[in-house]
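# A structural walkthrough
Each chain, letter by letter, is given below.
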Amino acid sequence: MSKTKLEFVCRECGVTHPQWAGQCLECQAWNTLEEVVISRDNASKPEILQDLPPSKVQKLSDIRSESKARLTTGLSELDRTLGGGLVDGSVVLIGGDPGIGKSTLILQAMAVINKEHTALYVSGEESAQQVSDRAVRLGIKEDVLLLNETHLEKIIKLAKEIKPKVIVIDSIQTMVTDGSTSAPGSVTQVRDCAAQLTQYAKQTNTILLMIGHVTKGGALAGPRILEHMVDCVLYFEGDAGGRYRIIRAVKNRFGAVNEISVFAMSETGLKQVENPSAIFLSNQSTPLPGSMVMVTREATRPLMIELQALVDQSSGNPKRVSVGLDQNRLALQLAILHKHGGIATFDQDVFMNVVGGVKVSETASDLVVMLTIMSSLRNKVIPKDWIAFGEVGLTGEVRPVYNASERLAEAQKHGFKIAIIPKANTPKKPIKGLKVVPVEYLYQALQYMSENT
């Protein structure tokens, strides 16, 4: 009889423990240990990678820098998020909620790539007929190679024969390898399958795209080490029932992180939104209190977004709710507003929202948040052609932000007339059609708003 052994693997960091515990001793995460049964007879690794090109040691000075052209996906928005396109030998992990459009987007990209290069689509979740029906609905006429298989050794053996330029794994949680005896989708199966696929991609210079499931919290399912193995991690954001999808790069070894691309879901697939600022701005002809536009930065792209505030009389303990903004920073902003602006909200419920489902993490939103709160509290309407940005310190000073000139240029392009900005970000030359109002302290911005609204 084969000897078996029980181990407990942390799904966050992948560290094994001899016995179960409530907390991982390595990453300190709670309730993340999963039981894994190991068979000693089957614990040896499969020899599917033995005939790949041998590894060799090289001197760093002998390696020449080559600027190879990237492989375009046919979707300029997706190429922007990837840093300009797909790099040979790169491994990209794509995560998102069920039904948000991961498989649809990748199938659209494979149809374009397959015109000049061989693309292999491996589906472990859907049948060949289901993938074919989706292709017909999307109007894809290219003969993309399709493989309906979950056994990793068979997939790599077939890939060696046809030598595709791009391989898609849909999804990594459905893959099974003989090197692990645990159940499909478990920590060890996902880790071992991803490791062998990554090794194959690196040694054969093949582009690998892996689709991954997400947990209820929105994080990629499986061990956290999975994100460390790959070169690029893309996350789908947005409501699966809504129209718009945002793809954000949270890790990218070949481009900028936090770069985003915006798509609109339609009956014929995902359509690119080349001017995403337009979908995040309100189309109301009459502006209302508690609303103002700011220019944020998403990696290399300036983005116009609308912030909304609702301040209402509290009936008990005052509530502080923010959607798309940092909850703790909102409490900080309210304290600064009271101390240096004379506006008290200790008996008011304060609700903040970023229109369009975008998440704003930069401190340049401080000034806009405070102006919208004052607008809602005093029932003052901020004109729709006003914008603002700036970080507000604990002493009430308005601090400069980076890339101010690009932010102002984006505002001028969209027809805004007045920009309230930090004094240190004042442009050296006047901007045609845009009046710049530099402020050094918070009370100056509040005073300007009171006098002109």
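Since the model is a prediction, treat every value here as computed from it, not as a measurement.

Reading the values: rules and limits
- Residues numbered from 1 in each chain as written.
- Predicted model: local features only at pLDDT ≥ 70, side-chain atom pairs only at ≥ 80, totals over all residues.
- Heavy atoms only, no water.
- Domains from an automatic or database assignment.
- Contact = heavy atoms within 4.5 Å.
- Buried area = accessible area lost by both parts, 1.4 Å probe.
- Pairing = 2+ DSSP bridges.
- Helix = DSSP H or I, 4+ residues; strand = E, 2+ residues; numbered from the N terminus.
- Axes fitted to C-alpha atoms, helices over the stretch in contact; angles between N-to-C directions.
- UniProt positions renumbered as here; feature names shortened; annotations may be inferred.
- Polar contact = N/O pair within 3.5 Å; in protein donor to acceptor, adjacent residues only side chain to side chain.
- Phe/Tyr/Trp six-rings, centres within 6.5 Å; stacked < 30°, edge-to-face > 60°.
- Buried < 20%, exposed > 50% of the residue type's maximum accessible area, 1.4 Å probe, protein only.
- Lys NZ or Arg CZ within 6 Å of the ring centre and 35° of its normal.

If you check the domain split of the protein, you get domain 1 (5–38), domain 2 (69–274) and domain 3 (279–452). Computed over C-alpha atoms, the centres of domain 2 and domain 3 are 38 Å apart. At the junction of the two partners, domain 2 supplies 13 residues and domain 3 supplies 9 residues. Interface area, domain 2 with domain 3, both sides summed: about 920 Å², of which 54% is carbon and sulfur.

This next bit is on the sheet that holds strand E12 (residues 269–272). If you trace the 9 strands from one edge of the open sheet to the other, you get E6-E5-E7-E8-E4-E9-E10-E11-E12, paired in mixed fashion. The sheet is open, and its two edges are formed by strand E6 (145–147) and E12, each paired on a single side. Neighbouring strand axes in the sheet, compared pairwise and without regard to direction, differ in orientation by 25° on average. Across the sheet, helix H5 (residues 187–204) touches strand E4 (91–95), strand E7 (166–170) and strand E8 (207–212), and the angle it forms with E8 is around 160°.

Another aspect to go through is the UniProt feature "binding site: ATP" (unreviewed entry) in the protein. As annotated in UniProt, the feature "binding site: ATP" (unreviewed entry) corresponds to Gly-96, Asp-97, Pro-98, Gly-99, Ile-100, Gly-101, Lys-102 and Ser-103 in the numbering used here. When you line up the elements, Lys-102 lands in helix H2 (residues 102–113). Excluding residues that lie within four positions of it along the chain, Lys-102 makes contacts with Ile-94, Gly-95, Gly-96, Asp-97, Ile-211, Gly-212 and Phe-236. A polar contact of 3.2 Å, which involves the side chain of Lys-102, links it to the backbone oxygen of Gly-96.

Okay, the packing of aromatic side chains next. Per the counting criterion, the structure on display carries 2 aromatic pairs. For the pair Trp-386 and Tyr-448, a centre-to-centre distance of 5.5 Å together with 35° between the ring planes defines the contact as tilted. Of this pair, Trp-386 sits in strand E17 (residues 386–388) while Tyr-448 sits in helix H11 (residues 442–452), placing them 62 residues apart in sequence. Taken individually, Trp-386 and Tyr-448 each receive the classification buried, so the pair is uniform in this respect. The interplanar angle of 15° and the centroid separation of 6.1 Å between the aromatic rings of Tyr-441 and Tyr-443 together place this pair among those described as stacked. The partly exposed category is assigned to Tyr-441, whose relative accessible area is 34%. The ring of Tyr-402 has Arg-407 sitting right over it, with the charged end atom 5.2 Å from the ring centre.

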